[in-house]
Structure formats: C-alpha cells, structure tokens
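Structural features, examined
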Amino acid sequence: MRNIYLIFRRDYLGYVKAWGFWLSLAAVPALMLIGSTFALFAIQSSPVRYYTVVEPGHVYADAIDAQFAVDEIAEKAQEMAEQIQMGAGDKAAGALRERKFVAVPPPARDLDGLRPYLLGEATVSGPLGPKPLFAAFILSEDGTTLEYWSDDVNINTLRYEARDAMRQLARTEALAAAGLSADFIETADDAAVKVPERRIRSVADQEQAGNEVTLADRAPVFVAGAMAYFLWLMVFSIIQYLLMGTIEERSNKIFDTLLTSVRMPELIAGKLLAVFAVTSTMMAVWGLFALSGSAFLSTLVPGAGDMITPFMTAAASPQIMIPGLVSFVMGYIMYGLIFMALGSLCDTIQEAQTLLSPMMILLMLPMFAIFIAFQDPGSPVVDIATWVPLFTPFLLILRMPHDPPLWEVIVQMGLMLATMLAVLWFSIKVYRAGAVNGAGIGDLGRMLKGMLGRRAG
Amino acid sequence: MAGSPLVLTQVTKRFGAFTAVTGLSLDVPEGKIIGFLGPNGAGKSTSLRMSLGVIPPDEGEVRLFGERPNILSLRRVGFLPEERGLYKKMTARETIAYFARLKGMSAGEAKARANELMDATGLEAFKASRISKLSKGMAQKVQILATLAHRPDFLILDEPFSGLDPVNQQVLEDLIRAEHARGATILFSTHVMEHAERLCDRIVMMARGRKVFDGTLPEAFASLEKGASIEVETGFDLGTALAAKGFAAQRAADRGHGDAWRIALPKGVGPQDALRAAIEAGAPITGFAPDEARLRDVFVSLVGEAEAAALDAPAGAQEGVPA
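Note on numbering: residues in each chain are counted from 1, in written sequence order. Each chain gets a letter, beginning with A, and each ligand a number, beginning with 1, in the order they are written. For a predicted model such as this one, the threshold for reporting local features is a pLDDT of at least 70, and the threshold for listing and counting side-chain atom pairs is 80 or more; totals across whole chains, interfaces and linings nevertheless cover every residue.

A closer look at the overall build of chain B
- In this text, helices come from DSSP runs of H or I with a minimum length of four residues, and strands from runs of E with a minimum of two, each type numbered from the N-terminal end. Along the backbone of chain B there are 12 helices and 13 strands.
- For the C-alpha atoms alone, the extent of chain B along its principal axes is close to 75 × 45 × 35 Å.
- Burial analysis of chain B (323 residues in total) assigns 44% to the buried set.
- For every residue pair, C-beta atoms are placed from the backbone, and the pair is scored as a contact if these atoms sit within 7 Å. Pairs at least 24 apart in sequence give 71% of the contacts found in chain B among residues at least 6 apart. Partly exposed residues are those whose C-beta has more than 12 but fewer than 20 other C-beta atoms within 10 Å; 20 or more makes a residue buried and 12 or fewer makes it exposed, with C-beta atoms placed from the backbone.

With respect to the sheet that holds strand β4 (residues 59-64) of chain B
Residues and elements named next belong to chain B.
- Here the rule is simple: two strands pair whenever DSSP picks up at least two bridges between them. The strand order across the open sheet built from three strands is β2-β1-β4, with neighbouring strands paired in antiparallel fashion. Two strands close off the open sheet at either side, each with one partner strand: β2 (18-28) and β4. Across the sheet, the mean angle from the axis of one strand to that of its neighbour is 20°, orientation sign disregarded.
- Between the N-to-C directions of two axes lies an angle of 0 to 180 degrees, each axis being a line fitted to C-alpha atoms and, for a helix, fitted only over the stretch in contact. Along the sheet, helix α1 (residues 44-51) makes contact with β1 (6-15), β2 and β4, crossing β1 at roughly 120°.

Digging into the nonpolar core
- In terms of nonpolar packing, the biggest core is built from 143 residues, with Phe394(A), Ile96(B) and Ala149(B) touching the most fellow members.
- Counting residues per element, this core draws most heavily on helix α8 (residues 215-251) of chain A, at 14 residues.
- Membership of the second largest hydrophobic core comes to 21 residues, among which are Tyr50(A), Val53(A), Phe68(A) and Phe134(A). We define the nonpolar core as any set of buried residues of the types Ala, Val, Leu, Ile, Met, Phe, Trp, Tyr and Cys, connected via C-beta atoms lying within 7 Å of each other.

Describing the pairing of strand β3 (residues 33-37) of chain B
Residues and elements named next belong to chain B.
- Counting buried positions along β3 gives five out of five residues, so the element sits mostly inside the fold.
- Of the two faces of β3, the one lined by Ile33, Gly35 and Leu37 and the one lined by Ile34 and Phe36 are each fully buried.
- Across five bridges, the pairing between β3 and strand β7 (residues 185-190) is parallel. Directly across from isoleucine 34, in β7, lies its bridge partner leucine 187.
- Taken together, the four bridges between β3 and strand β8 (residues 202-207) define a ladder with parallel strand orientation. Residue phenylalanine 36 lies in a different strand from β8, and its bridge partner there is valine 204.

Section: unusual backbone geometry
- Although it is not a glycine, Asp403(A) adopts a positive phi angle of roughly 50°.
- Take Asp403(A): it is sitting in the loop between α15 (392-399) and α16 (406-435).
- A positive phi angle, close to 50°, is found at Gln10(B), a residue other than glycine.
- With respect to the helices and strands, Gln10(B) occurs in strand β1.
- Of the residues examined, Gln10(B) has 12 C-beta atoms within 10 Å and is grouped as exposed.

A short note on the domain arrangement of chain A
- Here chain A is described as being made up of domain 1 (48-190) and domain 2 (216-456).
- Each domain's limits were defined by an automated method or a database of domain assignments. Distance between the C-alpha centres of domain 1 of chain A and domain 2 of chain A: 53 Å.

Description of the interface of chain A and chain B
- On the side of chain B, 23 residues touch chain A, which itself brings 20 residues to the contact.
- Counting only elements with at least two residues in the side of chain A that touches chain B, the list comes to α1 (2-16) and α9 (255-259) of chain A.
- Among the elements that line the side of chain A that touches chain B, the one with the most residues is α1(A), at four residues.
- Partitioning the side of chain A that touches chain B into residue classes produces seven nonpolar, eight polar and five charged. When residues are grouped by polarity, Ala, Val, Leu, Ile, Met, Phe, Trp, Tyr, Cys and Pro land in nonpolar, Asp, Glu, Lys and Arg in charged, and all others, Gly among them, in polar.

Overview of helix α5 (residues 136-148) of chain B
Residue and element names in this part refer to chain B.
- Spanning 13 residues, α5 covers 19 Å between terminal C-alpha atoms, matching the ideal 18 Å at 1.5 Å per step.
- Burial analysis of α5 places 10 of its 13 residues in the buried class, which makes it a mostly covered element.
- Residues Ala139, Gln140, Lys141, Val142, Gln143, Ile144, Leu145, Ala146, Thr147 and Leu148 constitute the buried set of α5.
- Packing partners of the buried residues in α5 comprise β5 (77-80), α3 (92-102), α4 (107-120), β6 (154-158) and α6 (166-182). Expected helix span is given by 1.5 Å per residue-to-residue step, counting one fewer step than there are residues.

Describing the domain arrangement of chain B
- Annotation of chain B at the domain level lists domain 1 (6-76 + 152-221) and domain 2 (226-290).
- Spacing between the C-alpha centres of domain 1 of chain B and domain 2 of chain B amounts to 41 Å.

Some thoughts on the pairing of β6(B)
Residue and element names in this part refer to chain B.
- Taking burial as the measure, the five residues of β6 include five buried ones, the bulk of the element.
- Burial along β6 is two-sided: Phe154, Ile156 and Asp158 and Leu155 and Leu157, pointing in opposite directions, are all buried.
- Pairing geometry for β5 and β6, over four bridges, is parallel. By the bridge assignment, phenylalanine 79 is partnered in β6 with isoleucine 156.
- One ladder, built from five bridges, connects β6 with β7; its direction is parallel. Paired with aspartate 158 across the two strands is serine 189, which belongs to β7.
- Handedness of a crossover is defined as follows: with both strands directed away from the viewer, a clockwise route from the first strand across the helix to the second makes it right-handed. Of the crossover connections in this fold, the one passing from β6 over α6 to the parallel β7 is right-handed.

Some remarks on the sheet that holds β7(B)
Residues and elements named next belong to chain B.
- Ordered by their spatial adjacency, six strands build an open sheet running β5-β6-β7-β3-β8-β9, and the pairing between neighbours is mixed. Strands with a single pairing partner mark the edges of an open sheet, and in this sheet they are β5 and β9 (210-216). Shown here is a sheet whose adjacent strand axes are inclined to one another by a mean of 15°, direction ignored.
- In this fold α1 packs onto β3, β6, β7 and β8, with an angle of close to 150° to the strand it touches most, β6.

Remarks on the packing of α15(A) against α16(A)
Residue and element names in this part refer to chain A.
- For the pair α15 and α16, the least separation of the axes is 11 Å and the interaxial angle reads 160°. Classed by the angle they form, the pair α15 and α16 counts as roughly antiparallel. The crossing of α15 and α16 is left-handed. In contact with Thr392, Pro393 and Leu396 of α15, α16 contributes Val409, Gln412, Leu415 and Met416.
- Residues that form the contact of α15 with α16 fall into these classes: five nonpolar, two polar and no charged. Oblique is the label for every angle not falling under 35 degrees (roughly parallel), over 145 degrees (roughly antiparallel), or within 65 to 115 degrees (roughly perpendicular). Here a crossing is called left-handed whenever its near helix is offset anticlockwise from the far helix by less than a right angle, and right-handed whenever the offset is clockwise.

Section: α15(A)
Residues and elements named next belong to chain A.
- Across the eight residues that make up α15, a large majority, eight, are buried.
- Among the residues of α15, Thr392, Pro393, Phe394, Leu395, Leu396, Ile397, Leu398 and Arg399 are the ones counted as buried.
- Looking at the buried side of α15, the elements it contacts are α8, α12 (318-343), α13 (349-375), α14 (380-385) and α16.

Things to note about the environment of Val409(A)
All names here are of chain A.
- With respect to the secondary-structure elements, valine 409 resides in helix α16.
- For valine 409, a count of 20 C-beta atoms within 10 Å translates into the label buried.
- Each C-alpha atom of the pair valine 409 and arginine 399 lies 9.4 Å from the other, and the pair is 10 residues apart in sequence.
- Aside from chain neighbours lying at most four places away, what touches valine 409 is Pro323, Leu396 and Pro404.

A word on the packing of α12(A) against α16(A)
Residue and element names in this part refer to chain A.
- For the pair α12 and α16, the least separation of the axes is 9 Å and the interaxial angle reads 20°. Compared by their axis directions, α12 and α16 come out roughly parallel. Crossing of α12 over α16 shows left-handed handedness. The segment α12 lies against α16, with Pro323, Val326, Met330, Ile333, Met334, Leu337, Ile338, Met340 and Ala341 engaging Val409, Met413, Met416, Leu417, Thr419, Met420, Val423, Leu424, Ser427, Val430 and Tyr431.

Put into structure tokens, the structure is as follows:
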C-alpha cells in the first residue's frame, strides 16, 4: 500500500503542478461564467424594436398585439406552474417580461414611403423615443396577404407572432360566421376527458406515498443517467493523462528503476489512482462551482432548493448507489487499464495520437448505448448490450431505476468482475512488454497471439 | 550479512531467435567489487536485468540474497540501469528522496539523506533545480545518488561511467570505494577495462552472451603470456646470450642507436629475472621495459582481436533488447 501511495502521490502532484491542469480547472467555470453572463447580457441587452402595420383599419395590428399578450400570459402561467410544483406556491408572482416589439403608427402608407424608415435613414416617434422601423406589415389590396418587410431577415420572432395572430384571427372570424363565440374551442377543450399521470405502487407504498407522479419518481432515472454520463466523462478525461504519462515514463527510461522498487501491480494501481484523483479533483471543483451557482440561483428563484432533495434521496438509495459504485469502479479500472497498456506501447505523442481515433470509437460505443438506454431502458438492444462487458458499467447503472431482475444484476456484476480481471491480466502483460522490453504497437497482435497460443497450448 | 548476494545458475535469455545470454553462472561474493566486463551486446545488461527480476530468464535460476528476486530482497539493492531516466519535472533533491522512499526510507530520513549526499558530492547548489534544467552529467550524478541513497547492501551499476566527464568519473570511483568501505557489495558493468583495473577485486568477462572469464585480477593477468623489451648496443646478439640462460629473445627493431629485443617470459618468471640474466650475460644494455599487462590484453587473448574491437564502441551501441 505504501508503494501505491508513493506512486500515486508523485504522479498526482506531477499532474497538479502542471500549468495545463490549472488551465483545465479554470476553463470550465470560466466558460460557464462567460456563457451565462453572455446569455444574460444578450437577453437584457436585446433592444426594443418598432414595427408598423399598414392597413385600412386597425384589425391586423390589434390581432398581432393580442397575440403578443396571449403568449406573454401563457409564458408566465407556465413559469408559475413550475414554481408551484417546486413548492414555491404563491411566492411565484412576478412581472411580465418586457415586450421587445412595439407597434407604432405607420409614418407612410406605401413601401416607397416606408423605405427610409426601414433602412435606418429616418426615424419614427414611439414610446421609447425616435427609432428606425425594424419591420412593416403591408396588407395587399385584395386583403389576402400581409407582407412582412424588414432589413433584418434573421430575426423571425415578429413574423411568427404575426403568422399565429393571423391564424387566430381567421379562426375567430370563422367561428363568428358560424354563429359561435370566440371561446367556443376553449370551452370544448376544457370539456375533454383528462388523462392524469399516476404511479402504480404496492398497496402499502401507495398508502404512504400516494399515487401522484412527482419529481421523486423521476429523480432515480436522472441520477442514474448522471452517474453513467459521469463515468463516461471520467473515462474520456483520463485518456490523455494515461497516454501522455506512460509515454513520458517510457521515453525517460525510468521503468527499470521503478520495477526494482515496486511491483508491477503497485505501479499500475498507483498510476490509475493518481489519474482518478486528478480527474476527480477537476470534477469536484467544477461540481462545487455548479453547486455554488445553483445555491446562488436558488436564492433568486424561490423553491429551487427543494428540487435538489429528491435527487439526493435517489443518489443515496442503495438500489442505485451500490450497483452504481461497483459499476463505476470496475468500469473505470477496466477502461483505465486498456488505455494505460496501449500508452505503454507508444514512444511519441504522434504515435499516441494515432491511437486516439480507435480509442474515441471505443468510447463512443458506450455513449450510443447510454443514449438508447436513456430513451428506452426496456429496449431489447439495451438488454443485450448490458451483457457486453464493455457496456455493462454504463448500462447497469442506467437500468437500476427500472428494477431489473436481481439475478441479472448479480450475474452482470460477476461478468464485469471477470472481464476486469482478464483485462488486468492482459494489460499487465502488455504494459510489461511495452514499458520494460520496449515493445511497440506493431507487436500487440503478436503478443496477443503468443499469450492466447501459450494458454491454449 | 552472510552468503552471496547474487547467484546465477545456468541462466539463459532469448529474445525470439536471438539468444542474449547463454548458460551464465555467476556467484557474487559478499563485500567485493566485481567488474562485469565485455563489449556492447555481450549480454551484460540483460544479465543484470535478469538478476533483478526485471526480466525473467528462460532457463536457469536467479537467487538474490538467497531468494528469487522479490520486492523485499530488492530493497537491499541499489540499481543504476544502463538507460538513465528520471522524472524531468522533479527537483534533484525530490528525485533522490523519492527513490529512497520507494526503497523503504521514511520521508524525513530520505530528505535528510538526499541533502547529505548532494552536499557531499558538490551538488548542494542544485537541490531545488529541476532535472530538466540539469546537464546530462549532472542528472546522471543525481541518478547515481538516488541509487545509493537508501544505503543498499548490494549495488548493481550498469555502465555507471558512461556519459561522465573524467572529473565525475573520478568522483564516481571515489563513491564506489566509499560504498565498498561501508560494506556494500558492488557489481558494475563496463566496457572500459581501466575502471575495472582500478576498482575490482574480481572480474567477469562476457562475450556474445557467454562468460569467458571469472576470477581475480592477478588470475586474469596470469593467464596472459608476459614479456619484456631490452635494448642493447647494435651488434650484440642478445638472443644467443639469453638462450644459454633459458630465455627466448627475438630482435624486434633497429632503434638506430641500438637494437630492441623482445623477451618471452616463461610462467612464474618475472621481467626482472630476464634483466638480471642479460646483465650476467654481459649485454650492453641501453634500455629496459617490462610489458605492462592490461585487462584489454586479457580480453583479446580470450576472445580475439575482432571481438575485442567492440570494446571501443560507445556504451549501448549494440545492446538493444528486442521485445
């Protein structure tokens, strides 16, 4: 254990003392900070724009204005519903968001007259002072088309609002022609039979937990998904460390010295632990940053803190935690050993780079499996893929919230353990050949053949 | 400490079709300095790596302190590999202390020992220098100190002098003598015979993977045919004069002012005996030079001039180990 610790400590400090580590550590929070600041700034700094509607009366202008109002109210209602679900209740009241498009009276009645206003050469008066026109709607003479004119064709919000407004107007007029009131459809919708979501449980559980579907019911799936993704991210992150670290030692010709002081398994264990600690340090710092950010946000959004509880409960549940931890550890060791063994066969960074593509493909396969399992955990593809040891660590975690048969879980864990031991055996052989005897990538096939041949013989 | 630190019995190592070491038997006596000599590619490094369990032999047995090499027996060994390598981003002191700790020293003890060794070898100004900032020779010195920092009972040094300038070669010779005086057994490989002549109690010579000599320095020199050169005034027939005394002499060169004669010395007879016989024969002697026996000559006599020429190649030029 002492030797493992010493190898771990040296490697860990070696990584942590490097500039690259601190840059990586700072990069994610900096990116998050810059991104969110930028997004916030983009929302807040979005200018209020003027538009006008050229029509004989005021029908279409009113319809567009009404559509904006309907959307704003719907948006606010959605926000309040979400906050009530989080337990914020009546604290959820708030002001409507400032409207970014404001109608002004048309400064001219035809396109030629409007052109200088639309091109920014002239301004119109409005509630926020004089501004050029962002867009103008011009009703055609036959009244069938409301043309949208603007110098900026990339912002379509206003056009989409107008399109929805026109549909709503047409529907209202059609209902009126049929002698029906405007809220006829709404009344009809309200009368439809409701389809509420219920969670079936055992009678005892049902009495205790009720039958409503809450966040607590969905949290295990998200927690399992997060764990599987986290494992994937960890494995993805260690590739460069394991490859580069091993190449450095191979090029430094240091293995002979090390191997007269420590056993090969101690050397490998120390190195894997060091890389695990480095990536964990990064993830922990990023996690802390995200948590601090969430805590800060929860002070701004009432009730957001209550959202965390179901996720914490799910993460602490033995049904998720035990298979999750076992899968996590075994998966990490398995993939770590593979990458480390491959790294020991490389002399240069260029040589290692040629290995990166197959490694990425190897890693993308579990990612596809994670995606499918997240979409449809009961899919036969996922059932079969879970039995493939390279996928098991990810998929077993993901399947746990869906109560797979216990025997399957135990057998799959056993299979995972057997595979991990086989990978360990093979990796030590490859690592020894690469690190001690200077074997290269080209020798891998010969080594594999030799090992299998020897075992068969 | 009792017994031989290292015993190899009929050890053979093959790399594919290439046999690097063939049937090597070796017994390293305790407390001695042993020179492991031979040209590059003779199998020295492979033998040393097998001795430490870094690579396993295909045949034969290796006993290190009476056991198969294991982590405990290896703790009593300090090994300097032929291919030098250190962590470039560590400082010199950290490096020495780190390897001492891997050999079982406590953190405090290792740090103190690193300081002590660096002070003693003139490296005190480089304690906090990164290995990458040190010259090659300086880094090699650090690695040598790291090898002996844990006060090993047995030092195995593979080509320790290669890459060092004459001053540092002398420093290393002094270090080896100091370690020997401390009681350590030392086995070092070299293809430069002069180091072995100055340091070794015993030598083992290797050529093409086989041991060709194993014995003390006097035993090595005894195996050589010895001789001497005597110069006499022109015209004097030293051959006839010495034949009567039982010596074979041949005229080797005309030196202008006299003739040089080469005398072959029978076993057990020294060059002084030949000189005395020439004086007694009334030879007008103008010069006398006994042959200076060198290990290189011993090696040449054992393996031939062609094989011995490889001694002059730089270290590591041939000794690659295939995967």
